[in-house]
Protein chains: 2
Amino acid sequence: MSTKNHDAERPETERQETEHPETDQVGGRSGLSRRGMLGLAGATIGAGVVGLGAGVAVDRAVVGATSSSGTTYPFYGPHQAGITTPAQDRLHFAAFDASPGLDRDGLIELLRDWTVAAARMTQGRPAGKYGPASGPMDAPPDDTGEALDLPPGGLTLTFGFGPTLFRTASGDDRFGIASRRPAALVDLPRFPGDALLEPISGGDLCVQACSDDPQVAVHAIRNLSRIAFGRAAIRWSQLGFGRTSSTSRAQVTPRNLFGFKDGTANIKSEDQTVVDDQVWASGSDGAGWMAGGSYLVARKIRMVIETWDRQQLGEQERIIGRDKGEGAPLSGGSEFSDPNFLALAKDGGTAIDPDSHVRLAHPTTNGGAQLLRRGYNFVDGNDELGRLNAGLFFIAFQRDPRTQFIPIQQRLAQNDLMNEYVRHVGSGVFAVPPGAHEGSYVGAGLFA
Amino acid sequence: MSTKNHDAERPETERQETEHPETDQVGGRSGLSRRGMLGLAGATIGAGVVGLGAGVAVDRAVVGATSSSGTTYPFYGPHQAGITTPAQDRLHFAAFDASPGLDRDGLIELLRDWTVAAARMTQGRPAGKYGPASGPMDAPPDDTGEALDLPPGGLTLTFGFGPTLFRTASGDDRFGIASRRPAALVDLPRFPGDALLEPISGGDLCVQACSDDPQVAVHAIRNLSRIAFGRAAIRWSQLGFGRTSSTSRAQVTPRNLFGFKDGTANIKSEDQTVVDDQVWASGSDGAGWMAGGSYLVARKIRMVIETWDRQQLGEQERIIGRDKGEGAPLSGGSEFSDPNFLALAKDGGTAIDPDSHVRLAHPTTNGGAQLLRRGYNFVDGNDELGRLNAGLFFIAFQRDPRTQFIPIQQRLAQNDLMNEYVRHVGSGVFAVPPGAHEGSYVGAGLFA
């Protein structure tokens, strides 16, 4: 076999860990990346085997795709990244179920393996030590390779635990953790109008991968799934192509597929007091191991965009409660003006409809409760009538769903004028533990 | 109704066409976009209505998302854009079927309407004159709005005609064009191993939307679908998140979901002779109206990535015929070295397996035939076993599928070592007419 000979010729030094491409200057060659250097060495050896000329010129550096960013966020720390991190542009979200037979030690081992791989990938490195450019030829690479030339892309990986991890629907405490389930990790109630599909709801575990480059996010979920083989399998997953919220004042407010700006009044990471009050779980909330963590609610919300698109502009704006161009509340001002729900229009009614989305979702209507939204637009092909299967993959982080998502969504589900154009088809709730310390793993507190 | 009053207050000048956001300096306000200016005017009026203070300060310009590009490509010209255009990062592809009852005049009108909207959107403008910031309040906006603040993003829209447009499967010549069907627009034969699904194959018309920003591509397909309402409906559609080919020497070779570089030996737009010979249809090919056009073959290729990921590195490289890290042919050299299919390995066999993908797809194995590939990676969720529904949405342009895609694919389908890991599940072939002249429409030659 030619490949075996090829392998045999690889010097041991080449089988070392491949770092992510950097534009190191190696041996005075300007612009030649470390990965390029390994490739060159391999190529020269290959040439030797088949008698072609050695010393092949490499005339280009390996550089990343233009759309990707070199940003990295620390993986280890008091909180998991991907919550108050400025929302990246793209999402790959996956819910996993533990495989039959997985026990407590197996679950801990999986979380340890995921932590190591996530810490590597978020820093722009391959998932494992042996990348495709450095691995032994007779073993599968422990990185799948499709992100090999790409910058880190601002990747964050955020892990969560679903209610079923603590106790299955049939009452089974597979991992000996049922007694440690946080009170805030409630099963979500059925909301009016819910049309949830069981195969795209729930899950024992979740991973939220966000990046400015979708290939980087997909690569991360794929490799975490590969690492989980035999221990956990993807239950459902979702790609999101465009962020629909800003989580930092440095970001422009994006638009959802109704064409409206979304997330204008979102919690911003700069508002430390609000973040501490509304996003991070505290030790005094009842589950000490969750201190510094948060609770993630995901809702796949299908939008009936074809019907929406035939609705008159004035009615669209009445439903939202803001104007479509600027995003200003209909009570006046500009995008970031506070809506005035008492302001009157000429006809004597309120300028903002009492059942508009902006009023029903507003903190003043919800006893001050807020959410840190981090959702994404999605399009999953089309249905048999040619309508795009499109909508919003809603993600929100909060300190306690019982006082935040649930009452807000109850109010929206009952009265929101928008309900005619949306259908909630998927749902999940997850306890997102605090960040791991280097040398430990995500969720270690749960097993301490 | 507050919204009607709001509308009534809008001066006529505001209902004019909204241009795409630009950072014009208007009235000495630095950084205030034209869209921002309209929004400000509307907001001030709103404030007047409800008695809030006028003269609200706008302290930020409307700027686009960070990931999007300001690139524009001309829409009108001898060839349609999106073929030799440097492959953009993201794809939304849609195949449409004509609606029952659509006649020749209706089809021409649809193509005219699509042309006008495409010419606008590719230049970063809304699909129609009345965008959401400028439209009459009692009519639906003629742009859906979600790309309103985004730069043009290098958008190209490329239109094609499927075999069924010329004659339906039941023999119907709905549009009086059956006699003008180009000989090169053949129905693709069934290839060994094909597992085609009829609902994601074929189509009367196709639109390929490519952009560096997925929201821009999605916006374009959505608005073309909206414009087609009652005349044509989406039959199937596909999002692609990462380009898998370079079509210009200025681009880095990307990787497919096997983790290998893809498109190293692709036709590059700089090679004018090759492009003229292999990509553009000529008047002498038999259908004069197609001169300057091309033929698009689309194949949705599902990859069995979980099985692939457990395959040893040496075997992966043997299947492809290149090394995974650098992308060099196994006969030696670097990525852009010509493969030497006669070069021997130490064991006496050829360094490149005769059934490797690189050999079977290579022009020397195919009588010089080449394709201009422009495919994209896709992930459409996962299957019930937790495997990512992932793969390559293959798109290739060529002068004549009878001498290019079909014989190449016959060879691959019979012997490619890669076949164990791929399954062709969708397929389409389309005649892509030449570019339109300003004032005319795409495909006008077919109806002349």
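Residues numbered from 1 in each chain as written. Chains lettered and ligands numbered in written order. Predicted model: local features only at pLDDT ≥ 70, side-chain atom pairs only at ≥ 80, totals over all residues. Heavy atoms only, no water.

### Quick word on the overall build of chain A
Okay, so step 1: Check the secondary structure of chain A and you find 11 helices and 10 strands.
Okay, so step 2: The buried share of chain A, reckoned over its 448 residues, is 63%.
Okay, so step 3: The contacts of chain A with a sequence gap of at least 6 include a subset with a gap of at least 24, amounting to 75%.
Okay, so step 4: About 15,500 Å² of surface is accessible on chain A, with carbon and sulfur atoms providing 51% of the total. (Helix = DSSP H or I, 4+ residues; strand = E, 2+ residues; numbered from the N terminus. Buried < 20%, exposed > 50% of the residue type's maximum accessible area, 1.4 Å probe, protein only. Contact = heavy atoms within 4.5 Å. Areas by Shrake-Rupley, 256 points an atom, 1.4 Å probe, with all protein chains shown as cover.)

### A few points about the nonpolar core
Okay, so step 1: Formed by 169 residues in total, the largest nonpolar core has its most connected members in W114, L157 and F159 of chain A together with W114, L157 and F159 of chain B.
Okay, so step 2: Look past the residues within four positions of L157 of chain A in its chain and what remains in contact with it is F75, Q80, A81, A118, M121, T122, V207, Q208, A209, A220 and L224 of chain A. (Core = buried A, V, L, I, M, F, W, Y, C linked by side-chain atoms within 4.5 Å.)

### Overview of the packing of helix α3 (residues 104–122) of chain A against helix α5 (residues 214–227) of chain A
Residue and element names in this part refer to chain A.
Okay, so step 1: Where α3 meets α5, the axes come as close as 10 Å, and the angle between the chain directions of the two elements is 155°. Relative to α5, the element α3 is oriented roughly antiparallel. The handedness of the crossing between α3 and α5 is right-handed. Listed contacts from α5 to D113, W114, A117 and M121 of α3 are H219, A220, N223, L224 and I227.
Okay, so step 2: Of the residues contributing to the contact of α3 with α5, the split by class is six nonpolar, two polar and one charged. (Axes fitted to C-alpha atoms, helices over the stretch in contact; angles between N-to-C directions. Parallel < 35°, antiparallel > 145°, perpendicular 65-115°, else oblique. Left-handed = near helix turned anticlockwise from the far one by under 90°. Nonpolar A, V, L, I, M, F, W, Y, C, P; charged D, E, K, R; others polar.)

### Remarks on the environment of N377 of chain B
Okay, so step 1: With respect to the helices and strands, the residue N377 of chain B is situated in strand β8 (residues 376–382).
Okay, so step 2: N377 of chain B sits in the buried class, given a relative accessible area of 0%.
Okay, so step 3: Note: C-alpha distance between N377 of chain B and W114 of chain B (263 residues apart in sequence) is 27 Å.
Okay, so step 4: Residues in contact with N377 of chain B, not counting those within four places in the same chain, are Q215 of chain A together with G240, F241, G242, R243, T244, R255, N256, L257, G391 and L392 of chain B.

### Topic: the UniProt feature "domain: Dyp-type peroxidase N-terminal" (unreviewed entry) in chain A
Okay, so step 1: Taking the numbering used here, the UniProt-annotated feature "domain: Dyp-type peroxidase N-terminal" (unreviewed entry) corresponds to residues 80–241 of chain A.
Okay, so step 2: Taken end to end, residues 80–241 of chain A has its terminal C-alpha atoms 22 Å apart, with 23% of it in helix and 19% in strand. (UniProt positions renumbered as here; feature names shortened; annotations may be inferred.)

### As for the packing of aromatic side chains
Okay, so step 1: Taken as a whole, this structure holds 28 aromatic pairs over all chains when the rule is applied.
Okay, so step 2: Through successive ring pairs, a cluster of aromatic residues spans F93, W236, F393 and F430 of chain A.
Okay, so step 3: Its guanidinium or amino end placed over the ring of F229 of chain B, R310 of chain A lies 4.2 Å from that ring's centre, counting from NZ or CZ. (Phe/Tyr/Trp six-rings, centres within 6.5 Å; stacked < 30°, edge-to-face > 60°. Lys NZ or Arg CZ within 6 Å of the ring centre and 35° of its normal.)

### As for helix α8 (residues 313–320) of chain B
Residue and element names in this part refer to chain B.
Okay, so step 1: Within α8, eight of the eight residues are buried, leaving the element largely enclosed by the surrounding structure.
Okay, so step 2: Along α8, the positions that sit buried rather than exposed are L313, G314, E315, Q316, E317, R318, I319 and I320.
Okay, so step 3: Following α8 by one or two positions, G321 adopts a phi angle in the positive range, close to 90°.

### Description of α5 of chain A
Okay, so step 1: Between the first and last C-alpha of α5 of chain A there are 20 Å, a value that for 14 residues agrees with the 20 Å anticipated at 1.5 Å per step.
Okay, so step 2: Across the 14 residues of α5 of chain A, 14 count as buried, placing the element largely inside the fold. (Expected span 1.5 Å × (residues − 1).)

### Looking at the side chain of T168 of chain B
All names here are of chain B.
Okay, so step 1: Its place among the elements puts T168 in the loop between α4 (163–166) and β3 (205–211).
Okay, so step 2: Look at T168 and you get buried, because its relative accessible area is 17%.
Okay, so step 3: Side-chain polar atoms of T168 contact the backbone nitrogen of D172, separated by 2.9 Å. (Polar contact = N/O pair within 3.5 Å; in protein donor to acceptor, adjacent residues only side chain to side chain.)

### A short note on the environment of P74 of chain A
Okay, so step 1: Assignment of secondary structure puts P74 of chain A in the loop between α2 (34–50) and β1 (90–98).
Okay, so step 2: Using a relative accessible area of 59% as the deciding quantity, one classes P74 of chain A as exposed.

### Quick word on the environment of V274 of chain A
All names here are of chain A.
Okay, so step 1: Looking at where V274 falls in the secondary structure, it is placed in helix α6 (residues 272–278).
Okay, so step 2: Distance in space between the C-alpha atoms of V274 and Y421 is 31 Å, their sequence separation being 147 residues.
Okay, so step 3: Discounting chain neighbours no more than four positions away, the residues touching V274 are I267, V279 and Q370.

### Let's talk about the pairing of strand β1 (residues 90–98) of chain B
Residue and element names in this part refer to chain B.
Okay, so step 1: Counting buried positions along β1 yields eight of nine residues, so the element is predominantly enclosed.
Okay, so step 2: One ladder, built from seven bridges, connects β1 with β3; its direction is antiparallel. Within the sheet, the bridge partner assigned to A94 lies in β3 and is V207.
Okay, so step 3: Across eight bridges, β1 lies against strand β4 (residues 232–240) in antiparallel orientation. Directly across from F96, in β4, lies its bridge partner I234. (Pairing = 2+ DSSP bridges.)

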